[in-house]
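Coordinate inspection notes
Spelled out from the first residue to the last, the chains are:
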Amino acid sequence: EPEVTQTPSHQVTQMGQEVILRCVPISNHLYFYWYRQILGQKVEFLVSFYNNEISEKSEIFDDQFSVERPDGSNFTLKIRSTKLEDSAMYFCASNGDTPGDTQYFGPGTRLTVL
Amino acid sequence: QKEVEQNSGPLSVPEGAIASLNCTYSDRGSQSFFWYRQYSGKSPELIMSIYSNGDKEDGRFTAQLNKASQYVSLLIRDSQPSDSATYLCAVMGTDKLIFGTGTRLQVFP
């Protein structure tokens, strides 16, 4: 069964460093998303991406964040200068034909900022 | 601000019982609703989606939707210890899922 994959599973970085989180969505899906979940809190939307551009972003997704689909399979989230409060689980999700379709989540990347 | 509300629990039920999980949402225009299960340290895993008023059954799971009351529920029949997890209610916004805080379910033998 097709699934969303994410790498790395755990990333440890120093405050102020740049990190890139990688995702491979399900191959025929058209809509891509990043969510995050701070420990003990709810899953929060960061950004949605369709047709090679951002379709919606939350107020969390400030200038420190960017997304890219550098080739036909990868979808990346870059955090330019990490802060302690960026420590969280980051989930990539994708869905198929329409935005209202079911979103399938990857296993997540645990980001720890020291 | 569109909100999804859930009781955080824990909801404790004995093995074999019915677990009832509830969720309310604020955006009356919402059309798509989802239940995800999340084990500790893992990602959300889809259990069911529901789009129309009424009940939708899939195995031991039944989702119920009442748009007039802005209420979604999930029933788990014959609960098993392996069902112990956090259950997330999610409502589709314009182009994103809006999640509740989740209800922690504990099924004891």
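Details of the structure are given in the entry above.
Attention here is on the structure that accompanies the text. Since we're looking at a predicted model, the values are computed, not measured.

1. So, the nonpolar core
With 24 residues, the main nonpolar core has W35, V72, L74, I76 and Y87 of chain B as its most contacted residues. For I76 of chain B, the contacting residues outside a window of four places in its chain are A17, I18, A19, L21, R60, F61, D83, Y87 and L105 of chain B. L21, W34, L77 and Y90 of chain A belong to the second largest nonpolar core, which has 22 residues in total.

2. Looking at the sheet that holds strand β6 (residues 54–58) of chain B
One open sheet accounts for 5 strands, arranged β1-β3-β8-β7-β6 (chain B); its pairing is antiparallel. Both edges of this open sheet fall to β1 (4–5) and β6 of chain B, since each of them pairs with a single strand only.

3. A few points about the state of the cysteines
Counted according to the given criterion, the structure contains 2 disulfides over all chains. Note on cysteine connectivity: C23 of chain A is disulfide-linked to C92 of chain A, with sulfurs 1.9 Å apart. An S-S torsion of about -60° defines the bridge between C23 of chain A and C92 of chain A as left-handed. Of this pair, C23 of chain A sits in strand β3 (residues 19–24) while C92 of chain A is found in strand β9 (residues 88–95), placing the two residues 69 residues apart along the sequence. Like C23 of chain A, the residue C92 of chain A is buried in the burial classification. Here C23 of chain B pairs with C89 of chain B through a disulfide, and the sulfurs are 2.1 Å apart. Judged by the sign of its S-S torsion, about -70°, the cystine formed by C23 of chain B and C89 of chain B is left-handed. One end of the pair, C23 of chain B, is in strand β3 (residues 19–25); the other, C89 of chain B, is in strand β9 (residues 85–92), with 66 residues separating them in the sequence.

4. Remarks on the pairing of strand β8 (residues 75–79) of chain A
All names here are of chain A. Burial analysis of β8 places 4 of its 5 residues in the buried class, which makes it a mostly covered element. Pairing geometry for β3 and β8, over 5 bridges, is antiparallel. Residue pairing across strands places R22 opposite T76, the latter belonging to β8. Sheet topology note: the strand β7 (residues 65–68)/β8 ladder contains 4 bridges and is antiparallel. The residue bridging F65 from the neighbouring strand is I79, located in β8. Hairpin remark: β7 followed by β8, antiparallel, with 6 residues in the connecting loop.

5. Describing the pattern of salt bridges
Residues and elements named next belong to chain B. Tallied over the full model, the rule gives 5 salt bridges over all chains. Here R37 makes a salt bridge to E45, at a shortest N to O gap of 3.3 Å. Assessed through its relative accessible area of 14%, R37 is described here as buried. The shortest N-O distance in the salt bridge between R60 and D83 comes to 2.9 Å. Residue R60 is located in the loop between β6 and β7 (61–66), and its partner D83 is located in the loop between β8 (71–76) and β9; the two are separated by 23 residues in the primary sequence. For D83, a relative accessible area of 2% gives the class buried.

What counts and how
Residues numbered from 1 in each chain as written. Chains lettered and ligands numbered in written order. Predicted model: local features only at pLDDT ≥ 70, side-chain atom pairs only at ≥ 80, totals over all residues. Heavy atoms only, no water. Core = buried A, V, L, I, M, F, W, Y, C linked by side-chain atoms within 4.5 Å. Buried < 20%, exposed > 50% of the residue type's maximum accessible area, 1.4 Å probe, protein only. Contact = heavy atoms within 4.5 Å. Pairing = 2+ DSSP bridges. Helix = DSSP H or I, 4+ residues; strand = E, 2+ residues; numbered from the N terminus. Disulfide = S-S within 2.5 Å. Salt bridge = Lys/Arg side-chain N within 4 Å of Asp/Glu carboxyl O.

Shape is all these values report; function is a separate question.
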